[in-house]
Amino acid sequence: MYESMFGNTDAVAHAVAAGLGGAPCVNVATKPSVGPEVDLLVVGGPTHAFSMSRASTRADAHRQSGKPDDPDEPGIREWIGGLGGISAGFATFDTRVSKPRVPGSAAKKAAKALKGAGGRQAAEPMTFWVDGTPGPIHDGELDRAREWGATLTVAAR
Ligand SMILES: Cc1cc2nc3c(=O)[nH]c(=O)nc-3n(C[C@H](O)[C@H](O)[C@H](O)COP(=O)(O)O)c2cc1C
């Protein structure tokens, strides 16, 4: 499950899903549910204002990207908040700019929220780096995302 304003987290999410052997890769904007059959939930989003995005930061990103903004569209923060309880294992990732490197990680905040919802953390939160707000993704990061996805297959066992 992921959100993405400029497409970078979308690309990372698909690479992670490929590493997981072709797991479903779904944008939270479609408000997906999590069935009891799900044993590993991988959640990723862009870091906005040192944390997970909010409606206001997504509106800002949409202004910059020129895409229309829908204030009712959830990001991972709202999607996790609406999950209720979960028993699945989880792993989280984010995308962040490397320069200037600032503290704060959407992946860490998402992990905290998923733990609070009852999830079992299967891996440390992971960051994949982009060059600037619109990207692009650093060279090699999509390969690293695929490899990280493959490690999660093992961690979920
Ligand atoms: C409103 C806004 C706030 C941001 N805040 C941060 C931040 O605190 N730290 C950071 O590393 N990157 C920050 N960024 C850069 C985003 O992390 C970057 O745009 C994102 O990784 C791109 O992912 P996407 O293409 O999936 O939207 C911010 C971007 C926007 C639009």
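Residues numbered from 1 in each chain as written. Predicted model: local features only at pLDDT ≥ 70, side-chain atom pairs only at ≥ 80, totals over all residues.

### Some remarks on the nonpolar core
One finds Val12, Val16, Val43, Ile76 and Ala110 to be the most contacted residues of the largest nonpolar core, which totals 34 residues. Of all elements in the fold, only α1 (8-19), β1 (40-46), α3 (76-81), β2 (89-97), α4 (106-116), β4 (126-130) and α5 (141-155) reach the threshold of two or more residues within this core. At six residues, the largest contribution of residues to this core is made by α4. Discounting residues that sit within four places of it in the chain, Val12 has contacts with Gly44, Phe93, Thr95, Phe128, Ile137, Glu141, Leu142 and Ala145. (Core = buried A, V, L, I, M, F, W, Y, C linked by C-beta atoms within 7 Å. Buried ≥ 20, exposed ≤ 12 C-beta atoms within 10 Å, placed from the backbone. Helix = DSSP H or I, 4+ residues; strand = E, 2+ residues; numbered from the N terminus. Contact = placed C-beta atoms within 7 Å.)

### Remarks on the site of the ligand
Neighbouring the ligand are 24 residues, the closest being Ser4, Phe6, Asn8, Thr9 and Thr95. Of all elements in the fold, only α1, α2 (55-65) and β2 reach the threshold of two or more residues within the shell around the ligand. Looking at which element gives the most residues to the shell around the ligand, the answer is α2, with four residues. (Near = placed C-beta within 6 Å.)

### Overview of α1
Spanning 12 residues, α1 covers 17 Å between terminal C-alpha atoms, matching the ideal 16 Å at 1.5 Å per step. Every buried residue of α1 is listed here: Asn8, Thr9, Ala11, Val12, Ala13, Ala15, Val16 and Gly19. Following α1 by one or two positions, Gly21 adopts a phi angle in the positive range, close to 90°. (Expected span 1.5 Å × (residues − 1).)

### Comments concerning the environment of His48
Topologically, His48 is positioned in the loop between β1 and α2. When the C-alpha positions of His48 and Ser33 are compared, they lie 24 Å apart, and in sequence the two are 15 residues distant. His48 has contacts with Ser53, Arg54, Thr57 and Ala106, leaving out every residue within four places of it along the chain.

### Observations regarding the pairing of β2
With eight of nine residues buried, β2 is to be regarded as a mostly interior element. Where β1 lies against β2, seven bridges are found, and the strand directions are parallel. Within β2, the position partnered with Leu40 by the bridge is Gly89. In terms of strand pairing, β2 meets strand β3 (residues 120-121) through two bridges, oriented parallel. Within β3, the position partnered with Phe90 by the bridge is Gln121. In the classification by handedness, the crossover that spans β2, the intervening α4 and the parallel β3 is right-handed. Bridging between β2 and β4 involves five bridges; their strand directions are parallel. Within the sheet, the bridge partner assigned to Arg96 lies in β4 and is Trp129. (Pairing = 2+ DSSP bridges. Right-handed = clockwise from strand over helix to strand, strands pointing away.)

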